[in-house]
Amino acid sequence: MIRSIKSGLLFKRLPFRTPKTLTRFCSTTSSPEPDSQIADPVDSDSSRIADLVSNQQWHELRTLIGSSDPTILLDHLFSSSSGADILLRYFRWSETELKASHGLDRRVRLILSLADERNHDEVRSEVRSIVSDGRHTIPSIFHSISVASARAPRGRSASIVADAIVSEFAIGSKTGLAVEALDRAGDYGIPLSTRGCNPLLHALVRERRISAVESVYRKMISRRIAPDVVTFNMVINGLCKARKLRRASDLVEDMKVRGLSPSIVTYNTLIDGHCTSGSDSRMFKVEALLNEMVSKGISPNVVTFNILIDGYCKDQSTATAVKLFEQMKDQDLPPNETTFNSLIDGFCKTGNVKQAMKLREEMESLNLKPNVVTYNALMHGLCKKERVAEAMELFDEMKAKGLAPNVITYNTLIDGHCRCGAIEHAIALRESMVESGIEPSVSTYTCLMNWYFKKGDLEAVERALDEMAEKGLKANVVTYNVLIGGVCKNCSAGKALGLLEEMAGMGLKPNRISYSKLMEGFFGEGDVGAAFKLKERMERVGPWPNVVIYNVLVKGLCGLGRMEDANRLLNEMLEKGLVPNRVTYEIMRDEMVDRGFVPDIEGHLSLNSA
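What counts, and at which threshold
Residues numbered from 1 in each chain as written. Predicted model: local features only at pLDDT ≥ 70, side-chain atom pairs only at ≥ 80, totals over all residues. Heavy atoms only, no water. Helix = DSSP H or I, 4+ residues; strand = E, 2+ residues; numbered from the N terminus. Rg over C-alpha atoms; globule rule 2.2 N^0.38 Å. Buried < 20%, exposed > 50% of the residue type's maximum accessible area, 1.4 Å probe, protein only. Contact = heavy atoms within 4.5 Å. Areas by Shrake-Rupley, 256 points an atom, 1.4 Å probe, with all protein chains shown as cover. Lys, Arg positive; Asp, Glu negative; His and termini not counted. Charge placed at Lys NZ, Arg CZ, Asp CG, Glu CD. 1 Å grid on protein atoms, 1.4 Å probe; cavity = no way out; pocket = protein on both sides within 12 Å on 5 of 7 lines; lining within 4 Å. Points joined across faces, edges and corners; volume = space filled by probe spheres on them. Patch = residues over 30% accessible without salt bridge, like charges linked within 9 Å, V, L, I, M, F, W, Y side chains within 5 Å. Salt bridge = Lys/Arg side-chain N within 4 Å of Asp/Glu carboxyl O. Expected span 1.5 Å × (residues − 1). Phe/Tyr/Trp six-rings, centres within 6.5 Å; stacked < 30°, edge-to-face > 60°. Lys NZ or Arg CZ within 6 Å of the ring centre and 35° of its normal. pLDDT = per-residue confidence, 0-100.

**What about the overall build of the protein?**
Okay, so step 1: Along the backbone of the protein there are 34 helices and zero strands.
Okay, so step 2: Whereas a compact globule of 610 residues would reach a radius of gyration of roughly 25 Å, the protein reaches 35 Å, over 25% beyond that.
Okay, so step 3: Principal axes of the C-alpha set define a box for the protein whose edges measure 125 × 55 × 50 Å.
Okay, so step 4: The 610 residues of the protein split such that 46% are buried.
Okay, so step 5: For the protein, the share of sequence-separated contacts (at least 6 apart) that also reach a separation of at least 24 residues comes to 62%.
Okay, so step 6: Accessible surface, the protein as shown: approximately 30400 Å² in total, 50% of it carbon and sulfur.
Okay, so step 7: The protein carries 78 positive and 77 negative side-chain charges, and their two centres are separated by 4 Å.

**Some details on the layout of surface pockets**
Okay, so step 1: Of the pockets and cavities examined, the largest pocket occupies roughly 1500 Å³.
Okay, so step 2: Among the secondary structure elements, those contributing two or more residues to the lining of the largest pocket are helix 17 (282-295), helix 18 (302-314), helix 28 (477-490), helix 30 (512-524) and helix 32 (547-559).
Okay, so step 3: At five residues, helix 30 tops the list of elements feeding residues into the lining of the largest pocket.
Okay, so step 4: Approximately 890 Å³ is the volume found for the second largest pocket.
Okay, so step 5: Those elements giving two or more residues to the lining of the second largest pocket turn out to be helix 20 (337-349), helix 22 (372-384), helix 24 (407-419), helix 26 (442-455) and helix 28.

**Section: a negative patch on the surface**
Okay, so step 1: Negative charge collects at one region of the surface, where E459, E462, D466 and E470 lie side by side.
Okay, so step 2: Within the secondary structure layout, E462 lies in helix 27 (residues 458-470).
Okay, so step 3: When its relative accessible area of 47% is taken as the criterion, E462 is described as partly exposed.

**Side note on helix 33 (residues 563-575)**
Okay, so step 1: Over its 13 residues, helix 33 extends 19 Å from the first C-alpha to the last, a length consistent with the 18 Å expected when each residue adds 1.5 Å.
Okay, so step 2: For helix 33, the set of buried residues is M563, A566, N567, L569, L570, N571, M573 and L574.
Okay, so step 3: Where the residues of helix 33 are buried, they touch helix 31 (528-541), helix 32 and helix 34 (582-592).
Okay, so step 4: At the C-terminal side of helix 33, G577 shows a positive phi close to 80°.

**A short note on the packing of aromatic side chains**
Okay, so step 1: Counted under the stated rule, the structure contains five aromatic pairs.
Okay, so step 2: A ring pair is formed by W58 and W93, whose centres lie 5.0 Å apart and whose planes are at 15°; its orientation type is stacked. Here W58, found in helix 4 (residues 58-65), pairs with W93, found in helix 6 (residues 84-97); they are 35 residues apart in sequence, far enough to count as distant.
Okay, so step 3: Ring plane angle 45° and centroid distance 6.0 Å describe the contact between Y90 and W93, whose orientation is recorded as tilted. One end of the pair is Y90 and the other is W93, both in helix 6 and three residues apart, which spans about a single turn. For the pair formed by Y90 and W93, the shared burial category is buried.
Okay, so step 4: Residue placement shows R109 over the ring face of F78; its charged tip is 4.2 Å from the ring centre.

**Structural notes on the confidence of the model for the protein**
Okay, so step 1: For the protein, the average pLDDT comes to 87, and 90% of its residues sit at 70 or higher.
Okay, so step 2: Counting contacts from residues 1-44, a segment whose pLDDT is below 50, to residues more than four positions away or on other chains yields 39 contacts.
Okay, so step 3: Contacts of residues 605-610 to residues separated by more than four positions or lying in other chains number ten contacts, the stretch itself having pLDDT below 50.

**Describing the environment of L557**
Okay, so step 1: Residue placement: L557 occurs in helix 32.
Okay, so step 2: The spacing of L557 and E575 is 18 residues in sequence and 19 Å in space, taken between C-alpha atoms.
Okay, so step 3: Residues within four places of L557 in sequence aside, it is in contact with F523, V528, F532, R562, D565, A566 and L569.

**As for helix 7 (residues 103-116)**
Okay, so step 1: Taking 1.5 Å as the rise per residue, helix 7 with 14 residues should run 20 Å; its terminal C-alpha atoms sit 20 Å apart, in good agreement.
Okay, so step 2: With ten of 14 residues buried, helix 7 is to be regarded as a mostly interior element.
Okay, so step 3: The complete set of buried residues in helix 7 reads L104, R107, V108, R109, L110, I111, L112, S113, L114 and A115.
Okay, so step 4: Of the residues trailing helix 7, R118 is marked for its positive phi of about 55°.

So, in structure tokens, the structure goes:
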């Protein structure tokens, strides 16, 4: 008893001055005399320390530690199996007040203790400290987890921590490190779950790293990490953004095989993917998806209607979009700014600015405020009709309402002034744009170059290209289309053909506009063979010729007086299942019938449809 009392007195009166003193009191190797009445010094010390931490008696604890190394006391708390809350309080207090540096291994042990008690919030907080620190490599972090887990079996705790690490890197947009963490967890045999993988998939989709999305998904499947509905929705979203619609549809079937039902989010994602795909048959597929969704008892929501309305507006089917708009209101689904902006933009693009203005009034009557997108659409509609003065009035109104013009605003107005031949005003707007802190984009220069070509000012085009290069701006497909059209008009189609090859070298895929401009150039030079070689190239490498391409070819043949050839091409178009549009009928009327040639199309078309 005397020894026990003396130990107690020493513990109360003497602060821990040196690591040696701490070792004396914290050692677990000393053996007390075999007396049931004698208290274990280790147990009594642990209890005393835990009480001080629990009651936040920091002054007494500071006195107890003295000038000793605080990490030794932390090790003592670890070995005495103190609760995670006690460990965390001491850890943070000693780091803040004593400037202790406990190192990666001790922090990992702390995090695993928190995970043992399923304290997910604090696990996240401590993992965030490691992730934001930046001093520790992924292998070193997972090595520490492995060593700490080997000391004491942790069950799911190591997985909880690994999930948090992958997730925190992903949330912090450090997707490369997140993928590395995913791989190292696999190397150490630490199972992950959707808690870690889903945030990583979300971040990769946001960055449009779709190949990485597919890679992570494959790793999940190979490691038997069961994907949930959220997992599938994110991967499907990524595939739709990459225009891999068939693969996205296949994934929906995988989803069903795993016993998971597609949700409203799944269908909305697929519908949006098809709406924005640019495919000629996209709206047919959209309707099929909508019917499937409704047949499964899933009702369209506001997002669904907004996607559909925007899709039909982009397809220039504003009548269908308006029907959906009315149906939306009948189902007590309130339209929002996105709904109105899609409709306004759709009507402006089809030239019905009057209806677009009415929609803005309706929007405001519902206490929905027009935003920059609304004004940009209206200004675009007015500029297309060369009503630039009215567009500038909207520009001033927008600024008066505290809405800041963006690059699209300026590009729209620059293009509008160019359409009206007011190149000086267009250049002044570009200068105003720069003064406002908005850098000209590729579209800005493309608008100006289009006008320079119309004026035949090739030197101005060269200057614009040089300025783009100086600013590090790379020409896109639209820019090349302007260059192809301009070179065809001002030089020769042969030189413009070189631009088509240059596009391929830049990793840009020529579209139907690229080919149609070249075809028009060759027809203008009377080179029918070169025009049809382009058609053959499209059939070989894509994009497949559509009704627009056939219209260009038919009109080009008619212009050269080759009516029979034009007639055969019309029949070929019909045999391929392509539906004639308004332009087709206008060509037949103006280029054929009005010139005394009646097309022989075996009843496939009716001229009264024009």
